[in-house]
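Read off the chains here:
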Amino acid sequence: MNIVIRYFSGTGNTKFAAEEIQKHYVIQGNAVNCDSIETGTPIGSDTELLLIGGPIYAGNVPEHLIRWVIRNVPDASAGAVAIPFSTSAGLLNAFGVTSLAAKLHKKGYTVPALRTFVMPRNYFFGKYEKMSDDIASQLVEKTRIETAELVANQEILSGADISPEKSTLGIDLLAETMSVMTRFMGKSFSANENCIRCGKCVKNCPKNTIKLDKKLKFGLSCMMCTRCIHGCPVHAIEYGKKRYPQYRLNEIVQWKVNE
Ligand SMILES: Cc1cc2nc3c(=O)[nH]c(=O)nc-3n(C[C@H](O)[C@H](O)[C@H](O)COP(=O)(O)O)c2cc1C
(Lines give C-alpha, C1' and ligand atoms only; values in the text may rest on other atoms or scores of the structure.)
Protein backbone atom coordinates (compact mmCIF):
# COMPACT_ATOMS: atom_id res chain seq x y z
CA MET A 1 0.00 0.00 0.00
CA ASN A 2 1.22 3.51 -0.80
CA ILE A 3 1.18 5.35 2.54
CA VAL A 4 1.93 9.00 3.23
CA ILE A 5 2.26 10.57 6.68
CA ARG A 6 2.47 14.35 7.14
CA TYR A 7 2.62 16.16 10.46
CA PHE A 8 3.33 19.43 12.17
CA SER A 9 5.27 19.05 15.41
CA GLY A 10 6.48 21.95 17.56
CA THR A 11 8.48 20.02 20.12
CA GLY A 12 8.66 16.46 18.82
CA ASN A 13 5.62 14.66 20.28
CA THR A 14 3.66 14.47 17.05
CA LYS A 15 6.83 13.62 15.13
CA PHE A 16 7.35 10.75 17.55
CA ALA A 17 3.80 9.42 17.04
CA ALA A 18 4.17 9.80 13.24
CA GLU A 19 7.44 7.89 13.20
CA GLU A 20 6.01 5.12 15.39
CA ILE A 21 3.10 4.75 12.94
CA GLN A 22 5.57 4.73 10.04
CA LYS A 23 7.69 2.06 11.71
CA HIS A 24 4.73 -0.31 12.13
CA TYR A 25 3.49 0.13 8.55
CA VAL A 26 7.03 -0.52 7.26
CA ILE A 27 7.22 -3.73 9.33
CA GLN A 28 4.02 -4.80 7.53
CA GLY A 29 5.88 -4.39 4.21
CA ASN A 30 4.40 -1.06 3.11
CA ALA A 31 6.16 1.87 1.44
CA VAL A 32 5.74 4.85 3.77
CA ASN A 33 6.67 8.44 3.04
CA CYS A 34 6.68 10.25 6.41
CA ASP A 35 7.65 13.93 6.61
CA SER A 36 7.01 17.18 8.42
CA ILE A 37 4.86 19.70 6.56
CA GLU A 38 7.81 22.07 6.96
CA THR A 39 9.87 20.17 4.37
CA GLY A 40 7.34 20.90 1.63
CA THR A 41 7.49 17.29 0.34
CA PRO A 42 4.38 16.94 -1.83
CA ILE A 43 1.71 14.28 -1.38
CA GLY A 44 1.43 12.04 -4.44
CA SER A 45 -1.97 11.76 -6.10
CA ASP A 46 -1.57 7.94 -5.98
CA THR A 47 -1.64 7.96 -2.14
CA GLU A 48 -3.82 5.13 -0.84
CA LEU A 49 -3.59 5.89 2.88
CA LEU A 50 -2.90 9.38 4.21
CA LEU A 51 -2.23 10.13 7.89
CA ILE A 52 -2.13 13.77 9.02
CA GLY A 53 -1.06 14.70 12.55
CA GLY A 54 -0.58 17.74 14.75
CA PRO A 55 -0.56 18.88 18.37
CA ILE A 56 -3.70 20.11 20.11
CA TYR A 57 -3.60 23.82 20.96
CA ALA A 58 -6.70 24.84 22.95
CA GLY A 59 -8.90 22.05 21.62
CA ASN A 60 -7.89 22.11 17.96
CA VAL A 61 -4.82 21.49 15.86
CA PRO A 62 -3.00 24.72 14.93
CA GLU A 63 -4.56 26.81 12.19
CA HIS A 64 -1.15 26.58 10.46
CA LEU A 65 -1.78 22.84 9.92
CA ILE A 66 -5.44 23.23 8.96
CA ARG A 67 -4.48 25.76 6.28
CA TRP A 68 -1.69 23.50 5.05
CA VAL A 69 -4.14 20.61 4.67
CA ILE A 70 -6.62 22.76 2.75
CA ARG A 71 -3.89 24.00 0.40
CA ASN A 72 -1.61 20.99 -0.01
CA VAL A 73 -3.56 17.76 0.31
CA PRO A 74 -4.63 16.64 -3.18
CA ASP A 75 -8.13 15.32 -3.83
CA ALA A 76 -8.37 11.65 -2.98
CA SER A 77 -7.79 9.02 -5.64
CA ALA A 78 -10.49 6.32 -5.90
CA GLY A 79 -10.82 4.45 -2.60
CA ALA A 80 -8.21 6.53 -0.74
CA VAL A 81 -8.41 6.53 3.05
CA ALA A 82 -7.24 9.19 5.54
CA ILE A 83 -6.63 8.99 9.28
CA PRO A 84 -6.13 12.27 11.14
CA PHE A 85 -4.31 12.09 14.47
CA SER A 86 -3.09 14.43 17.15
CA THR A 87 -0.99 14.44 20.27
CA SER A 88 -2.15 16.32 23.33
CA ALA A 89 -1.45 16.66 27.02
CA GLY A 90 -4.82 15.10 27.75
CA LEU A 91 -6.23 18.42 28.94
CA LEU A 92 -8.90 18.76 26.27
CA ASN A 93 -10.34 16.21 23.92
CA ALA A 94 -9.70 15.56 20.27
CA PHE A 95 -11.96 18.15 18.64
CA GLY A 96 -9.08 19.18 16.43
CA VAL A 97 -8.96 15.79 14.83
CA THR A 98 -12.63 16.13 13.94
CA SER A 99 -11.81 19.34 12.11
CA LEU A 100 -9.06 17.64 10.11
CA ALA A 101 -11.43 14.74 9.39
CA ALA A 102 -13.96 17.14 7.89
CA LYS A 103 -11.31 18.73 5.64
CA LEU A 104 -10.09 15.35 4.42
CA HIS A 105 -13.64 14.09 3.86
CA LYS A 106 -14.31 17.16 1.72
CA LYS A 107 -11.35 16.21 -0.47
CA GLY A 108 -12.91 12.81 -1.07
CA TYR A 109 -11.09 10.63 1.47
CA THR A 110 -12.89 8.02 3.52
CA VAL A 111 -12.03 8.71 7.17
CA PRO A 112 -12.57 5.46 9.07
CA ALA A 113 -10.69 6.45 12.26
CA LEU A 114 -9.18 9.34 14.16
CA ARG A 115 -6.82 9.24 17.10
CA THR A 116 -5.41 11.42 19.86
CA PHE A 117 -2.33 10.15 21.66
CA VAL A 118 -1.70 11.68 25.07
CA MET A 119 1.97 12.59 25.38
CA PRO A 120 4.02 14.43 28.02
CA ARG A 121 2.99 18.08 27.91
CA ASN A 122 5.27 20.69 26.42
CA TYR A 123 3.11 23.50 27.74
CA PHE A 124 4.21 24.89 31.10
CA PHE A 125 2.56 28.30 31.11
CA GLY A 126 -0.05 29.26 33.69
CA LYS A 127 -0.94 26.42 36.01
CA TYR A 128 0.86 23.60 34.19
CA GLU A 129 4.12 22.19 35.42
CA LYS A 130 6.63 19.85 33.92
CA MET A 131 5.67 16.19 34.37
CA SER A 132 7.97 13.83 36.21
CA ASP A 133 10.18 11.69 33.93
CA ASP A 134 8.36 8.59 35.23
CA ILE A 135 4.92 9.81 34.18
CA ALA A 136 6.31 11.18 30.94
CA SER A 137 7.92 7.88 29.97
CA GLN A 138 4.72 5.97 30.85
CA LEU A 139 2.79 8.22 28.45
CA VAL A 140 5.37 7.71 25.72
CA GLU A 141 5.14 3.92 26.18
CA LYS A 142 1.33 4.13 25.98
CA THR A 143 1.64 6.01 22.69
CA ARG A 144 4.02 3.33 21.38
CA ILE A 145 1.35 0.71 22.15
CA GLU A 146 -1.58 2.74 20.80
CA THR A 147 0.18 3.57 17.52
CA ALA A 148 1.02 -0.14 17.08
CA GLU A 149 -2.63 -1.02 17.76
CA LEU A 150 -3.85 1.51 15.21
CA VAL A 151 -1.62 0.00 12.52
CA ALA A 152 -2.42 -3.60 13.47
CA ASN A 153 -6.16 -2.98 13.14
CA GLN A 154 -6.59 -3.77 9.45
CA GLU A 155 -10.38 -3.57 9.77
CA ILE A 156 -10.08 0.20 10.15
CA LEU A 157 -9.01 0.53 6.53
CA SER A 158 -12.20 -1.02 5.23
CA GLY A 159 -14.37 0.84 7.74
CA ALA A 160 -17.12 3.38 7.15
CA ASP A 161 -16.48 7.11 7.05
CA ILE A 162 -16.82 8.57 10.56
CA SER A 163 -16.04 12.19 9.71
CA PRO A 164 -18.49 14.60 11.37
CA GLU A 165 -21.78 15.34 9.70
CA LYS A 166 -22.15 18.60 11.63
CA SER A 167 -20.22 21.69 10.56
CA THR A 168 -16.82 22.18 12.21
CA LEU A 169 -17.04 25.95 11.78
CA GLY A 170 -17.11 26.49 15.55
CA ILE A 171 -13.86 24.65 16.24
CA ASP A 172 -12.20 26.10 13.17
CA LEU A 173 -13.06 29.50 14.55
CA LEU A 174 -11.39 28.41 17.79
CA ALA A 175 -8.18 27.62 15.86
CA GLU A 176 -8.43 30.94 14.03
CA THR A 177 -8.90 32.83 17.31
CA MET A 178 -5.98 30.96 18.85
CA SER A 179 -3.77 31.83 15.88
CA VAL A 180 -4.56 35.54 16.34
CA MET A 181 -3.91 35.32 20.08
CA THR A 182 -0.58 33.54 19.61
CA ARG A 183 0.66 36.31 17.33
CA PHE A 184 0.39 38.69 20.26
CA MET A 185 1.52 36.15 22.85
CA GLY A 186 4.68 35.72 20.78
CA LYS A 187 5.69 39.28 21.59
CA SER A 188 6.23 38.14 25.20
CA PHE A 189 9.20 35.95 24.24
CA SER A 190 12.67 37.34 24.80
CA ALA A 191 16.22 36.09 25.15
CA ASN A 192 18.12 36.68 28.37
CA GLU A 193 21.83 37.38 28.83
CA ASN A 194 22.67 33.66 28.42
CA CYS A 195 21.90 33.87 24.69
CA ILE A 196 24.96 32.81 22.65
CA ARG A 197 23.48 34.03 19.34
CA CYS A 198 23.75 30.55 17.85
CA GLY A 199 20.69 31.15 15.66
CA LYS A 200 19.12 27.76 16.36
CA CYS A 201 15.76 29.29 17.33
CA VAL A 202 15.84 31.49 14.21
CA LYS A 203 16.53 28.51 11.94
CA ASN A 204 13.98 26.24 13.60
CA CYS A 205 11.05 28.63 13.99
CA PRO A 206 8.23 27.22 11.84
CA LYS A 207 6.82 30.69 11.27
CA ASN A 208 10.16 32.43 10.57
CA THR A 209 9.22 35.01 13.14
CA ILE A 210 12.48 35.19 15.09
CA LYS A 211 15.22 37.43 13.78
CA LEU A 212 18.78 37.80 14.99
CA ASP A 213 19.72 41.45 15.03
CA LYS A 214 21.75 43.10 17.80
CA LYS A 215 19.57 40.93 19.98
CA LEU A 216 16.89 38.35 19.24
CA LYS A 217 13.65 39.86 17.96
CA PHE A 218 10.36 38.01 18.13
CA GLY A 219 7.91 39.07 15.43
CA LEU A 220 4.17 38.95 15.02
CA SER A 221 3.72 35.54 13.38
CA CYS A 222 4.26 33.32 16.44
CA MET A 223 2.08 30.20 16.73
CA MET A 224 3.23 29.42 20.31
CA CYS A 225 4.66 26.01 19.39
CA THR A 226 7.34 26.71 22.05
CA ARG A 227 10.08 25.04 19.98
CA CYS A 228 12.35 28.04 20.67
CA ILE A 229 12.07 27.72 24.45
CA HIS A 230 12.51 23.96 24.57
CA GLY A 231 15.22 23.73 21.91
CA CYS A 232 17.51 26.52 23.12
CA PRO A 233 20.91 24.93 23.94
CA VAL A 234 21.54 27.40 26.78
CA HIS A 235 17.96 27.77 28.00
CA ALA A 236 18.02 31.51 27.27
CA ILE A 237 14.50 32.07 25.97
CA GLU A 238 11.97 33.40 28.42
CA TYR A 239 8.27 34.07 28.25
CA GLY A 240 7.03 37.23 29.97
CA LYS A 241 10.56 37.55 31.46
CA LYS A 242 10.07 34.20 33.20
CA ARG A 243 12.22 31.16 32.60
CA TYR A 244 10.25 27.95 32.09
CA PRO A 245 11.62 24.40 32.28
CA GLN A 246 12.51 22.84 28.95
CA TYR A 247 10.78 19.82 27.50
CA ARG A 248 12.99 17.47 25.49
CA LEU A 249 11.48 14.20 24.43
CA ASN A 250 14.89 12.76 23.54
CA GLU A 251 15.88 13.10 27.20
CA ILE A 252 12.94 10.88 28.17
CA VAL A 253 13.26 8.26 25.44
CA GLN A 254 16.05 7.18 23.13
CA TRP A 255 14.98 9.24 20.15
CA LYS A 256 16.25 12.08 18.04
CA VAL A 257 14.11 15.19 17.79
CA ASN A 258 14.34 17.84 15.07
CA GLU A 259 17.56 19.77 15.50
C1 LIG B 1 0.09 26.74 22.83
C2 LIG B 1 -0.23 25.36 23.31
C3 LIG B 1 -1.54 25.03 23.67
C4 LIG B 1 -1.84 23.74 24.11
N5 LIG B 1 -3.13 23.43 24.41
C6 LIG B 1 -3.44 22.18 24.80
C7 LIG B 1 -4.78 21.82 25.06
O8 LIG B 1 -5.72 22.61 24.93
N9 LIG B 1 -5.03 20.55 25.47
C10 LIG B 1 -4.04 19.63 25.61
O11 LIG B 1 -4.34 18.51 25.99
N12 LIG B 1 -2.76 19.94 25.35
C13 LIG B 1 -2.43 21.18 24.94
N14 LIG B 1 -1.12 21.50 24.65
C15 LIG B 1 -0.10 20.47 24.77
C16 LIG B 1 0.28 19.87 23.41
O17 LIG B 1 -0.87 19.55 22.65
C18 LIG B 1 1.09 18.58 23.56
O19 LIG B 1 2.17 18.77 24.41
C20 LIG B 1 1.53 18.09 22.19
O21 LIG B 1 1.86 16.74 22.30
C22 LIG B 1 2.71 18.86 21.62
O23 LIG B 1 3.05 18.28 20.39
P24 LIG B 1 4.36 18.62 19.59
O25 LIG B 1 5.54 18.25 20.47
O26 LIG B 1 4.29 17.73 18.39
O27 LIG B 1 4.35 20.05 19.26
C28 LIG B 1 -0.80 22.77 24.22
C29 LIG B 1 0.51 23.11 23.86
C30 LIG B 1 0.79 24.38 23.41
C31 LIG B 1 2.23 24.71 23.04
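Residues numbered from 1 in each chain as written. Predicted model: local features only at pLDDT ≥ 70, side-chain atom pairs only at ≥ 80, totals over all residues. Heavy atoms only, no water.

Draft legend 1. Summary view of the site of the ligand. In the region of the ligand, 24 residues are neighbours, and Ser9, Thr11, Thr14, Ile56 and Thr87 sit closest. Here asparagine 122 contributes a side-chain N or O atom positioned 3.0 Å from an oxygen atom of the ligand. Considered on its own, the ligand offers 650 Å² of accessible surface; in the complex 97% of this is hidden by protein. Looking at the shell around the ligand residue by residue, the class counts come to 11 nonpolar, 12 polar and 1 charged. (Near = heavy atom within 4 Å. Polar contact = N/O pair within 3.5 Å; in protein donor to acceptor, adjacent residues only side chain to side chain. Areas by Shrake-Rupley, 256 points an atom, 1.4 Å probe, with all protein chains shown as cover. Nonpolar A, V, L, I, M, F, W, Y, C, P; charged D, E, K, R; others polar.)

Draft legend 2. Focus on the nonpolar core. Counting 25 residues, the largest nonpolar core has Leu50, Ile52, Leu65, Val69, Val73 and Leu104 as its most contacted members. Going through the elements one at a time, strand 3 (49-55), helix 2 (63-72), helix 3 (95-106) and helix 5 (169-185) are the ones with two or more residues in this core. The biggest single contributor to this core is helix 2, with 4 residues. (Core = buried A, V, L, I, M, F, W, Y, C linked by side-chain atoms within 4.5 Å. Buried < 20%, exposed > 50% of the residue type's maximum accessible area, 1.4 Å probe, protein only. Helix = DSSP H or I, 4+ residues; strand = E, 2+ residues; numbered from the N terminus.)

Draft legend 3. Inspection of the sheet that holds strand 4 (residues 81-88) at higher detail. Read across the sheet, 5 strands follow the order 2-1-3-4-5 without closing on themselves; strand pairing throughout is parallel. Each edge of the sheet is formed by a strand with only one pairing partner; in this case those strands are strand 2 (31-36) and strand 5 (115-118). Neighbouring strand axes in the sheet, compared pairwise and without regard to direction, differ in orientation by 20° on average. Direction of pairing for strand 1 (residues 2-7) relative to strand 2: parallel, over a ladder of 6 bridges. By the bridge assignment, asparagine 2 is partnered in strand 2 with alanine 31. Contacts from helix 4 (residues 133-152) reach strand 3 and strand 5, with the element oriented near 155° to strand 5. (Pairing = 2+ DSSP bridges. Axes fitted to C-alpha atoms, helices over the stretch in contact; angles between N-to-C directions. Contact = heavy atoms within 4.5 Å.)

Draft legend 4. Fine view of helix 2. Of all the residues in helix 2, the buried ones are Glu63, Leu65, Ile66, Trp68 and Val69. Looking at the buried side of helix 2, the elements it contacts are strand 1, strand 3, helix 3 and helix 5.

Draft legend 5. Structural view of the pattern of salt bridges. Applying the stated criterion across every chain yields a total of 11 salt bridges. Put simply, lysine 142 and glutamate 146 hold a salt bridge, and the shortest N to O gap is 3.2 Å. One end of the pair is lysine 142 and the other is glutamate 146, both in helix 4 and 4 residues apart, which spans about a single turn. According to the relative accessible area criterion, lysine 142 is partly exposed, its value standing at 42%. (Salt bridge = Lys/Arg side-chain N within 4 Å of Asp/Glu carboxyl O.)

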